[in-house]
Amino acid sequence: QVQLVESGGGLVQAGGSLRLSCAASGLTFSSYHMAWFRQAPGKEREFVAVRWSGGSTSYADSVKGRFTISRDNAKNTVYLQMNSLKPEDTAVYYCAAGNRATLVRGNIIGDWGQGTQVTVSS
């Protein structure tokens, strides 16, 4: 059974940085694409970034140039380095695994985890 546990969220001032982590178990981690999504209050969950199993990355336009996704296959962990944070980045952040390109549209393996709250104050 796939289990993903997010951590690293918190309260930060605008312009600050945070690094999120997601520990994965129950899957052959290196074989899966790994992504981050977020959901702000009153809004739908949205794609943030993906690290394809082959190593390349894709980002939502809203975070391009500010966020960096990386993965450590030896630790079964995916990270999201968030710099130059803005109040509009405030959301619950979730990681997800998938084996198809449609991962970026929410076609995930297993269930969503609890996520980690990121709050950016102005």
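The residue numbering used here restarts from 1 in each chain and proceeds along that chain's sequence as written. In keeping with the predicted nature of the model, local features appear solely for residues at pLDDT of at least 70, side-chain atom pairs appear and are counted solely at 80 or more, and the whole-chain, interface and lining totals rest on all residues. The side-chain numbers reported here are obtained from all heavy atoms of the structure, hydrogens and water having been left aside.

Draft legend 1. Spatial organisation of the state of the cysteines. Only a pair of cysteine sulfur atoms within 2.5 Å counts as a disulfide in this structure description. Inspection of the entire model under this criterion finds one disulfide. Across the disulfide from cysteine 22 sits cysteine 95; the S-S distance is 1.8 Å. With the S-S dihedral at roughly 40 degrees, the linkage between cysteine 22 and cysteine 95 falls on the right-handed side. Residue cysteine 22 is found in strand 3 (residues 18-25), and its partner cysteine 95 is found in strand 9 (residues 91-98); the two are separated by 73 residues along the sequence. Neither cysteine 22 nor cysteine 95 differs from the other in exposure class; each is buried. Only DSSP runs of H or I reaching four residues or more are called helices, and only runs of E reaching two or more are called strands; each is numbered from the N terminus. Buried means the residue's accessible area, taken with a 1.4 Å probe over protein chains only, is under 20% of the maximum for its type, while exposed means over 50%, and partly exposed covers the values in between.

Draft legend 2. The arrangement of the pairing of strand 10 (residues 116-121) in detail. Here strand 10 shows a clear split, with Thr116, Val118 and Val120 buried on one side and none of Gln117, Thr119 and Ser121 buried on the other. Pairing geometry for strand 2 (residues 10-13) and strand 10, over four bridges, is parallel. By the bridge assignment, glycine 10 is partnered in strand 10 with valine 118. Bridge count for strand 9 against strand 10 is three bridges, and the pairing is antiparallel. Note that in strand 10 the partner of valine 92 across the bridge is glutamine 117. Being paired, for any two strands, means DSSP has found at least two bridges between them.

Draft legend 3. Quick look at the side chain of arginine 66. Mapped onto the elements, arginine 66 comes out in the loop between strand 6 (57-59) and strand 7 (67-72). Accessibility expressed as a relative area gives 11% for arginine 66, which makes it buried. Residues adjacent in sequence count toward polar contacts only when both atoms are side-chain atoms; beyond that, a polar contact is any pair of N or O atoms within 3.5 Å, and within protein one must be able to donate a hydrogen and the other to accept it. Within polar-contact distance, the side chain of arginine 66 engages the backbone oxygen of serine 62 at 2.9 Å. Polar side-chain contacts of arginine 66 include one of 2.9 Å to the backbone oxygen of serine 84. Any two residues whose heavy atoms approach within 4.5 Å at even a single point are treated as in contact. Sequence-distant contacts of arginine 66, that is, excluding residues within four places in its chain, are made with Gln81, Met82, Asn83, Ser84, Leu85, Lys86 and Asp89.

Draft legend 4. Quick look at the sheet that holds strand 1 (residues 3-7). What the four strands build is an open sheet, ordered 1-3-8-7; its pairing is antiparallel. Looking at which strands have only one partner, the edges of the open sheet turn out to be strand 1 and strand 7. On average, adjacent strands in this sheet sit at an angle of 15 degrees to one another, irrespective of strand direction. Alignment of strand 1 against strand 3, held across five bridges, turns out to be antiparallel. Bridging from a neighbouring strand, glutamine 3 pairs with serine 25 of strand 3. For every element, the axis is a line fit to its C-alpha atoms; helices are fit only across the contacting stretch, and the angle between N-to-C directions ranges from 0 to 180 degrees.

Draft legend 5. Here's a closer look at the packing of aromatic side chains. When the centres of two rings from Phe, Tyr and Trp lie within 6.5 Å, Trp using its six-membered ring, the rings pair. Their planes under 30 degrees apart give stacked, over 60 give edge-to-face, and anything left gives tilted. Under the definition given, this model contains three aromatic pairs. Ring geometry for tyrosine 94 versus tryptophan 112: centroids 5.9 Å apart, planes at 70 degrees, classification edge-to-face. Taken together, the positions of tyrosine 94 in strand 9 and tryptophan 112 in the loop between strand 9 and strand 10 put the pair 18 residues apart, joining distant regions of the chain. A network of ring pairs unites the aromatic residues Phe37, Phe47, Tyr94 and Trp112 as a single cluster. One cation-aromatic arrangement involves arginine 19 over tyrosine 79; the distance from NZ or CZ to the ring centre is 4.0 Å. The rule is short: NZ of Lys or CZ of Arg within 6 Å of the ring centre and within 35 degrees of the ring normal puts a charge over the ring. Lying across the ring of phenylalanine 29, arginine 71 places its NZ or CZ 4.6 Å from the centre.

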